[in-house]
Amino acid sequence: MQVNFGVGQLCVIPSGSNPTPLQFGVLQDVTLDMKYTKKKLYGASTFPVDAARAQAELGGKAKTAQISGALLNQFLTGSSIATGQTIGALNEAGTIPTPSGPYTI
């Protein structure tokens, strides 16, 4: 038996011959909105004889507390992150070489 406290996990199922669900992130908040219109059947009467749901819209939002960047890249673009890739690093100390030509940090 699996017991889960909180909102839950956000999982994706990749395409392929043996799709295995992957945890995409940890959810913080989830809302689900359902709207529909009600149609009334009058016929020859003054008052409605019946009423029923007609067109419906279903939408939702999910806020994540943690998300996997690698899975986000794979899910949206279908590509994977290659080794040796140049990425930005915030607040990382660098050394400026002696002034003898073009500078590379």
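If you're wondering where the values come from, they're calculated on a predicted model, not measured in any experiment.

Cut-off values and rules
Residues numbered from 1 in each chain as written. Predicted model: local features only at pLDDT ≥ 70, side-chain atom pairs only at ≥ 80, totals over all residues. Heavy atoms only, no water. Helix = DSSP H or I, 4+ residues; strand = E, 2+ residues; numbered from the N terminus. Buried < 20%, exposed > 50% of the residue type's maximum accessible area, 1.4 Å probe, protein only. Contact = heavy atoms within 4.5 Å. Patch = residues over 30% accessible without salt bridge, like charges linked within 9 Å, V, L, I, M, F, W, Y side chains within 5 Å. Areas by Shrake-Rupley, 256 points an atom, 1.4 Å probe, with all protein chains shown as cover. Salt bridge = Lys/Arg side-chain N within 4 Å of Asp/Glu carboxyl O. Pairing = 2+ DSSP bridges. Axes fitted to C-alpha atoms, helices over the stretch in contact; angles between N-to-C directions. Phe/Tyr/Trp six-rings, centres within 6.5 Å; stacked < 30°, edge-to-face > 60°. Lys NZ or Arg CZ within 6 Å of the ring centre and 35° of its normal.

(A) Highlighting the overall build of the chain. Helices and strands together make up the secondary structure of the chain, namely 1 helix and 3 strands. Reading the chain from its N end, one meets helices and strands in the order β-β-β-α. Within the chain, the fraction of its 105 residues that count as buried is 6%. Put simply, of all contacts in the chain between residues at least 6 apart along the chain, 38% involve residues at least 24 apart.

(B) Region of interest: a nonpolar patch on the surface. Together, L32, M34, Y36 and L58 make up an exposed nonpolar region whose accessible area comes to about 480 Å². With respect to the element layout, L32 can be found in strand β2 (residues 22–41).

(C) Quick peek at the sheet that holds strand β1 (residues 9–12). Sheet architecture is open: 3 strands sit in the order β1-β2-β3, paired in antiparallel fashion. Two strands lie at the open edges of the sheet, namely β1 and β3 (50–67), each paired on one side alone. Neighbour-to-neighbour, the strand axes of the sheet open up by a mean angle of 50 degrees, direction not taken into account. Running at roughly 45 degrees to β2, helix α1 (residues 69–77) makes contact with β1, β2 and β3 of the sheet.

(D) Region of the structure containing the environment of R53. Turning to its location among the elements, R53 is positioned in strand β3. R53 has contacts with M34, Y36 and T37, leaving out every residue within four places of it along the chain.

(E) Seen up close, the packing of aromatic side chains. For the structure on display, the rule yields 0 aromatic pairs. A cation over a ring is seen here: R53 above Y36, with NZ or CZ 4.1 Å from the ring centre.

(F) Representation of the pairing of β3 in the model. Of all 18 residues that make up β3, 0 are buried, and the element is exposed over most of its length. Pairing between β2 and β3: 15 bridges, direction antiparallel. Within β3, the residue paired with L41 across the bridge is D50.

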